[in-house]
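Examination of the molecular architecture
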Amino acid sequence: MMISRQEVRDISHNGVWKQNPGVVQILGMCPTLAMTTSVVNGASLGIATALVMACSGAAVALLRQFVPNELRNPIYILIIAAVVTIVQLAMNAYMHALYNVLGIFIPLIVTNCIVLARAEAFASKNGVIQSGLDGFMMGIGGTVVLAILGGIREVLGKGTLLSGIDLVFGASAKSWVIHVIPADLNYQFLFMILPPGAFIGLGLLVAGKAALDRRAAEAARRREAETSTPLAA
Amino acid sequence: MNTSPFFIKPTPLQVVMFKVALALVPAIAVYTYSFGIGVLVQITLATITALATEAFCLKLRSYPIKPFVTDGSAIVTAWLMALSFPPLAPWWMIVVAAAISIALAKHMYGGLGQNTFNPAMVGFAIMIVSFPAQMSRWAAPFGVLPQSLDWSAQLSWIFTGHLPAGLAFDAVASATPLDTVKTQLMQHASMSHIFQSPLFGAIGGIGTEWITAAYLLGGLYLLWQKLIPWQIPVTFLAVLGGVAGIFHLVDPTHYTSPLFHWFSGAAMLGAFFIVTDPVTGPTTPLGRVIFAALIGLLTYLIRVFGGYPDGIAFAVLIMNLAAPFIDQYTQPAVFGRKGKQKKAGAQS
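Residues numbered from 1 in each chain as written. Chains lettered and ligands numbered in written order. Predicted model: local features only at pLDDT ≥ 70, side-chain atom pairs only at ≥ 80, totals over all residues.

For the rest of this paragraph, the subject is the overall build of chain B. On a plain count of helices and strands, chain B comes out with 18 helices and zero strands. Taken against the 2.2 N^0.38 rule, which gives 20 Å for 348 residues, the C-alpha radius of gyration of chain B at 22 Å falls within 12% of a compact globule. Overall, chain B is about 80 × 55 × 35 Å in size when its C-alpha atoms are taken along their principal axes. Within chain B, the fraction of its 348 residues that count as buried is 46%. (Helix = DSSP H or I, 4+ residues; strand = E, 2+ residues; numbered from the N terminus. Rg over C-alpha atoms; globule rule 2.2 N^0.38 Å. Buried ≥ 20, exposed ≤ 12 C-beta atoms within 10 Å, placed from the backbone.)

Below, the structure is given as structure tokens:
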């Protein structure tokens, strides 16, 4: 059960960029839209999901020889639920304030379709290390989207960044909050904090990713044309 | 060279938009007469912002700027939005709303003729969702309260948020007639008691009833010019009035008359200028009737049972979403097709 460097690179690129769960597969939309009211909320739920996906991916890959094909979905769900319970209890014990903020969305990671999708599409067909890495990288890809979306909504909606960081790092972290718009202006633009802001923000991210891809493809084509013209001539 | 006489030349968009703007002028005049210079300030700010945003978006999308900026569509959007704003709303609100409505609701969907939602109503809805307090803070029309703001006080309030010494905004503020009826009924005031307030005129609110009458006048001009199909405003007003009439007949102590609903809020503005938007509504004749009827029903429900003072904006946006669906199921039969279909039905 070894993993080559090329595999690591491919799996990571796949998870973070090429098949990013947030802006390409558009899977797991419920937490993506509901919990991205700030960077901290988005990123912490993303990291929790990434941990669950890494563990559940490895566990599913480990057990894949023993799982009867007809019963695979309930068994995967049980495995995922077990991992989620561990993460939930750990967060409740060590980051209780954050646990309270994220609330129902932590146990709901069980039903996040990106977790089951990777178990079904990748972990049930690949080795343990590859599956664990794939789950983790998919989770990181999702985390990046959650954090950026959370950042957009937080800046436009409340004029701050990293608000609520004290929930993760304790009360001393309260001074880390960045006020992009001075706090004494009492800036608030409720629209971005409410659900429509999430949909519009995510739509912009999807469009932005597509635009970057198109630009990269065009640049590659131009490079190819440049290198091939001397040959043609 | 002339074309054959049976070729009907389509009216240039510029002319259409000019006529729509012209139809709004009487209402703007009456509005300014009863609420002051704030109305004109909102319209000016909205127009400038809308045109600047339009030019900026066209440049980003590398479209020719001049023909699209001068087609007048952005101006009409800006005017419709400014007319739905409280005249004394802070200046930045209309600026943000106009920029969002042109950039987000119009150009992000593909620009003129491609937008799913009515841009003016998107701008209004975003603002009333985000800033409910500022968006429902209206000054009373002139002559209702002992104190009122003159033009310099209005300008200072819109641009700086300060009033001359000795004046407080609360002293000149008043809820809109629709809002007053709703909140007073919640406090178990009787209908006749509510209508004794100096805010109310013969049918609607003092001042506001004349503004809605001016919209009606402008709308009749648009009908006369054949710029809007008559089915839409007629259906919309009939359903709004019909539902209001049923409730009013059953319990006149709790539900206001159809006349009050017609001549309050944005009913007339909506009927002739907003529901009739050809881009965001259905295109089939039957579809238009369904569309207008459901907007009328939703408007009544939001006004009477909802949390917002007026329901036109949300009713229009919801139905904008349904317009393609309505279109799909109301396609008229292709000529000669109907008989065949019937025969096939009889055989089977």
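On to the nonpolar core, then. In terms of nonpolar packing, the biggest core is built from 102 residues, with Ala46(B), Trp79(B), Met81(B), Met121(B) and Val316(B) touching the most fellow members. Looking at which domains feed residues into this core, each of domain 1 (10-174) and domain 2 (177-330) of chain B gives three or more. Other than its neighbours up to four places away in sequence, Val316(B) contacts Asn118(B), Met121(B), Gly270(B), Ile274(B), Val275(B) and Ile295(B). Core analysis: the next-biggest nonpolar cluster, separate from the first, contains 47 residues, Val84(A), Leu133(A), Leu149(A) and Leu202(A) among them. (Core = buried A, V, L, I, M, F, W, Y, C linked by C-beta atoms within 7 Å. Domains from an automatic or database assignment. Contact = placed C-beta atoms within 7 Å.)

Moving on to the environment of Lys174(A). Tracing the chain through its elements places Lys174(A) in the loop between α8 (166-169) and β2 (178-179). With 76 residues separating them in the primary sequence, Lys174(A) and Leu98(A) have C-alpha atoms 14 Å apart.

Another aspect to go through is the UniProt feature "modified residue: FMN phosphoryl threonine" (unreviewed entry) in chain B. All names here are of chain B. Feature annotation in UniProt places "modified residue: FMN phosphoryl threonine" (unreviewed entry) on Thr176, given in this structure's numbering. Along the polypeptide, Thr176 turns up in the loop between α9 (169-172) and α10 (177-186). Overall, the presence of 20 C-beta atoms within 10 Å leaves Thr176 in the buried class. Excluding residues within four positions of it along the chain, Thr176 makes contact with Trp138, Gly205, Gly265 and Pro309. (UniProt positions renumbered as here; feature names shortened; annotations may be inferred.)

Moving on, we get to helix α2 (residues 38-60) of chain B. Look at α2(B): 33 Å from first C-alpha to last across 23 residues, which is about the 33 Å you get at 1.5 Å a residue. At the exit of α2(B) stands Ser62(B), carrying a positive phi of roughly 45°. (Expected span 1.5 Å × (residues − 1).)

Another aspect to go through is the domain arrangement of chain B. Residues and elements named next belong to chain B. The domain boundaries assigned to chain B delineate domain 1 (10-174) and domain 2 (177-330). Here domain 1 and domain 2 have C-alpha centroids that lie 20 Å from each other. Opposite the 31 residues of domain 1 that make contact, domain 2 presents 31 residues. Residue assignment for the side of domain 1 that touches domain 2 shows that the elements contributing at least two residues are α1 (13-35), α4 (73-84) and α6 (119-130). Top contributing element to the side of domain 1 that touches domain 2 by residue count: α1, with 11 residues.

This part takes up helix α12 (residues 208-224) of chain B. Turn by turn, an α-helix covers 3.6 residues, leaving residues three or four places apart pointing in a common direction. Residues and elements named next belong to chain B. Taking 1.5 Å of rise per residue, 17 residues should cover 24 Å, and α12 covers 24 Å from first to last C-alpha, within 8% of that figure. Within α12, the full set of buried residues consists of Thr208, Glu209, Trp210, Ile211, Thr212, Ala214, Tyr215, Leu216, Gly218, Gly219 and Leu222. Lining the buried residues of α12 we find α1, α10, α13 (231-250) and α15 (267-274).

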